[in-house]
Amino acid sequence: MRNAVITGWGKCVPPAVLSNADLETVTETSDEWIVTRTGIRERRISHVETSDMAAVAGLRALATAGLEPDDIDLILVATCTPDRLIPSTAAIVQDKIGAGRAAAMDLNAACSGFIFGLVTARQMIGAGGFERVLLIGAEKLHYFLDFTDRSTSVLFGDGAGAVVLEGSDEDAGVRSFELGTDGSVADILCVPRSGTEGAPGPDRRMVVHMEGAEVFRRAVAAMGDASTRVIEEAGLELDDIDLLIPHQANIRIIEATARRLRLHPSKVFVNIASYGNTSAATIPIALTEAIDEGRITPGSNIVFAAFGGGLTWAAAVYRWGSRIEPLGSSDADLPPSDASGLELMQPNIDLYGMGVQ
Ligand code: ACO
């Protein structure tokens, strides 16, 4: 099968910061609790829609690949917080970036969405018919948060990351992967009444519900075990792994996963302190930052690992190609905004703070 190689990468995080100190003003929590239990210090709150962040990340990824929007055959947007149910966020992105030749569709595997998308893109390129795929992970999670619920509101943030995958004869790309789902425990991490099961009405509550401790337990096992299996399937030893880029949900989950793998902390990429959990966007944002920081070099063996609502889990071994330098840069950006994180989340406080059920 033809290899599919990442040739472009980019991220877009909105400017408004919501700090732990900000959260202390709206719910009974503390910076100390959040930092020690999750590793999160602040997160970003978007003043625009999911597709706006996705489009900017996508244009930045295209520029590093030296491509134009018209070069793209397929746009995949991994998201569980779409602008609308119809059309797909990918269709909106297609229009916003002017990629008129591309087919476009969304993919929802919650926080595992980027790896599900990576494998989908790789299979579609490998099977033929698609040469260049723009894969974006983008989320506006704050829209689905009750900021008076301290058990969920401190965890999530907004942002987007993107990669371009191209068909290639280079000895690079996804070496092995595992995608999994256990729908029997879907209710431990979900947004109830956010689709056809919800009664229509102006006060319908659509917020993240999570049984944190149970998700935590399953996450460590699923990410660690799936990573072990894909490393073995790729014919690699632990020493061959240069970098683990895990889904950024909780520093304790990341550290426990690394311990389970017996991977030295220096080989684990962590940026959760700055962004919190941005679901499908955490891995492409982290990948972009890892490249910018020189943590990836030609031929690096990278392990991606994630878990999320579904429950879903995913892991993949990816061998980086020969090019690490961007071929170009983009001046694409979000419209400016002076609004603070607290100001942007005020509508949620107004709604859910009144006990809307
Ligand atoms: N501030 C202060 N206290 C808090 C907070 C908070 N923000 N949240 C919970 N607490 C309290 C609880 O009420 C509890 O108090 P009690 O002992 O008086 O009852 C105490 O802290 C301990 O609560 P736990 O839920 O047991 O805390 P835990 O150590 O499990 O941490 C957390 C909770 C951070 C949610 C953790 O379980 C976790 O990270 N779970 C996984 C979440 C996750 O990764 N989700 C990702 C998937 S998201 C997706 O797919 C879209």
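Every residue gets a number counted from 1 within its own chain, in the order that chain's sequence is written. Given that this is a predicted model, residues contribute local features only at a pLDDT of at least 70 and side-chain atom pairs are listed and counted only at 80 or more, while totals for whole chains, interfaces and linings are drawn from all residues. Heavy atoms throughout the structure, all of them, feed into the side-chain values; hydrogens and water do not.

Undergrad: Give a description of unusual backbone geometry that names residues and reports values.
TA: Note the cis peptide between Ile86 and Pro87, where omega equals 0 degrees. When you line up the elements, Pro87 lands in the loop between strand E4 (74-78) and helix H4 (89-97). Of note, Ala110 is a non-glycine position whose phi angle comes to about 50 degrees, a positive value. By definition, any uninterrupted DSSP run of H or I lasting at least four residues is a helix, any uninterrupted run of E lasting at least two residues is a strand, and each is numbered from the N terminus. By the secondary structure assignment, Ala110 is in the loop between strand E5 (103-107) and helix H5 (113-127). Here's how the labels work: a residue is buried when its accessible area is under 20% of the maximum for its type, exposed when over 50%, partly exposed in between, all with a 1.4 Å probe on protein chains only. Judged by its relative accessible area of 12%, Ala110 is buried. Positive phi, close to 60 degrees, is recorded for Arg193, a residue that is not glycine. Structurally, Arg193 can be placed in the loop between strand E9 (189-190) and strand E10 (209-210). By relative accessible area, Arg193 is classed as partly exposed at 33%.

Undergrad: Residues and numbers for the side chain of Thr312, please.
TA: Structurally, Thr312 is set in strand E13 (residues 312-319). Polar contacts involving the side chain of Thr312 include one to the main-chain carbonyl oxygen of Ala109, which spans 3.0 Å. Discounting chain neighbours no more than four positions away, the residues touching Thr312 are Ala109, Ser112, Phe116, Gly180, Thr181, Ala306 and Phe307. Between N or O atoms, a polar contact is any pair within 3.5 Å; within protein, one atom must be a potential hydrogen donor and the other a potential acceptor, and residues adjacent in sequence are included only when both atoms are from side chains. Only heavy atoms enter the contact rule, under which two residues are in contact if any of them lie within 4.5 Å.

Undergrad: Can you break down the domain arrangement of the protein chain residue by residue, with the values?
TA: Here the protein chain is described as being made up of domain 1 (3-170) and domain 2 (174-319). Either an automatic procedure or a domain database provided the assignment from which the domain bounds are taken. Its C-alpha centre places domain 1 at a distance of 14 Å from the equivalent point of domain 2. At the interface, 50 residues of domain 1 touch 44 residues of domain 2. The quantity reported as buried area is the accessible area (1.4 Å probe) lost by two parts once they are put together, taken as the sum for both. Counting the surface lost from both domain 1 and domain 2, the interface buries some 3,900 Å², and carbon and sulfur atoms represent 67% of this. When the buried surface of domain 1 facing domain 2 is broken down by residue, Cys111, Ile115 and Phe144 rank first, second and third, together holding 17% of it. The salt bridge criterion pairs a side-chain nitrogen of Lys or Arg with a carboxyl oxygen of Asp or Glu, the two atoms within 4 Å. A salt bridge links Glu289 to Lys11, with the nearest nitrogen and oxygen atoms 2.6 Å apart. In this structure, the connection of domain 1 to domain 2 is made through 20 residue pairs in polar contact (both at pLDDT 80 or more). Residue assignment for the side of domain 1 that touches domain 2 shows that the elements contributing at least two residues are strand E1 (3-12), helix H2 (31-38), strand E3 (42-45), H5, strand E6 (132-140), helix H6 (150-153) and strand E7 (158-168). Ranked by residue count, the leading element in the side of domain 1 that touches domain 2 is H5, at eight residues. Residues belonging to the side of domain 1 that touches domain 2 are distributed by class as follows: 26 nonpolar, 14 polar and ten charged. Residues are grouped as follows: Ala, Val, Leu, Ile, Met, Phe, Trp, Tyr, Cys and Pro are nonpolar; Asp, Glu, Lys and Arg are charged; every other residue, Gly included, is polar.

Undergrad: So what's going on with the site of the ligand? Which residues, and what values?
TA: A single heavy atom is enough: if one lies within 4 Å of a molecule or strand, its residue is considered near that molecule or strand. Neighbouring the ligand are 27 residues; Thr29, Arg37, Cys111, Arg150 and Asn250 lie closest to it. Between the ligand and Arg37, the relevant distance is 2.5 Å, taken from an oxygen atom to a side-chain nitrogen or oxygen of the residue. Breaking the shell around the ligand down by element, the ones donating at least two residues are H2, H6, helix H7 (212-233), helix H8 (251-261) and strand E12 (301-308). When residues of the shell around the ligand are assigned to their parent elements, the largest contribution, four residues, is made by H7. In terms of residue class, the shell around the ligand is made up of 14 nonpolar, nine polar and four charged. Structurally, the shell around the ligand is a two-domain feature, drawing no fewer than three residues from each of domain 1 (3-170) and domain 2 (174-319).

Undergrad: If you had to explain the packing of H7 against H8 to someone new, which residues and values would you point to?
TA: To define axes, lines are fitted to C-alpha atoms, for helices over the stretch in contact only, and angles between the resulting N-to-C directions are given on a 0 to 180 degree scale. Following both chains from N to C, one finds H7 and H8 inclined at 40 degrees, their axes separated by 9 Å at the closest point. When the axis of H7 is compared with that of H8, the two are oblique. You can see that H7 and H8 cross each other, and the crossing is right-handed. Residues Phe216, Ala219, Val220, Ala221, Met223, Gly224, Asp225, Ser227, Thr228 and Ile231 of H7 form the contact with H8, whose participating residues are Arg252, Ile253, Ala256, Thr257, Arg260 and Leu261. Angle categories: roughly parallel below 35 degrees, roughly antiparallel above 145, roughly perpendicular from 65 to 115, and oblique for all the rest. Two helices cross in a left-handed way if the nearer one is turned anticlockwise from the farther one by less than a right angle. They cross in a right-handed way if the turn is clockwise.

Undergrad: Could you give an account of the pairing of E6, naming the residues involved and the relevant values?
TA: Across the nine residues of E6, eight count as buried, placing the element largely inside the fold. Pairing between two strands requires that DSSP report at least two bridges joining them. Bridging between E4 and E6 involves five bridges; their strand directions are parallel. Bridged to Leu74 within E6 is Val133. Relative to E7, E6 runs antiparallel, the two sharing nine bridges. Looking at the pairing, Ala138 lines up with Ala160 of E7.

Undergrad: Residues and numbers for a negative patch on the surface, please.
TA: Residues Glu237, Asp239, Asp240 and Asp242 make up a contiguous surface patch of negative charge. When you line up the elements, Asp239 lands in the loop between H7 and strand E11 (243-246). By definition, no residue in a patch forms a salt bridge, and every one has over 30% relative accessible area; like charges are joined within 9 Å, nonpolar side chains (Val, Leu, Ile, Met, Phe, Trp, Tyr) within 5 Å. Values of accessible area rely on a 1.4 Å probe in the Shrake-Rupley scheme; residue burial ignores everything except the protein chains shown. The charged-residue count follows a simple rule in which Lys and Arg add positive charge and Asp and Glu add negative charge, with His and chain termini not counted at all. Every charge is mapped to an atom, namely NZ of Lys, CZ of Arg, CG of Asp or CD of Glu.

Undergrad: How would you explain the nonpolar core if you had to name every residue and give the values?
TA: Counting residues in each nonpolar core, the largest one holds 50 residues, and the members touching the most others are Phe147, Ile231, Leu244 and Phe307. Of all elements in the fold, only strand E2 (16-19), H7, H8, E12, E13 and helix H11 (341-352) reach the threshold of two or more residues within this core. Looking at which element gives the most residues to this core, the answer is H7, with seven residues. For this core, the domains that each give at least three residues are domain 1 (3-170) and domain 2 (174-319). Sequence-distant contacts of Leu244, that is, excluding residues within four places in its chain, are made with Leu261, Leu263, Lys267, Val268, Phe269, Val303 and Ala305. To qualify as a nonpolar core, a set must consist of buried Ala, Val, Leu, Ile, Met, Phe, Trp, Tyr and Cys residues joined through side-chain atoms within 4.5 Å.

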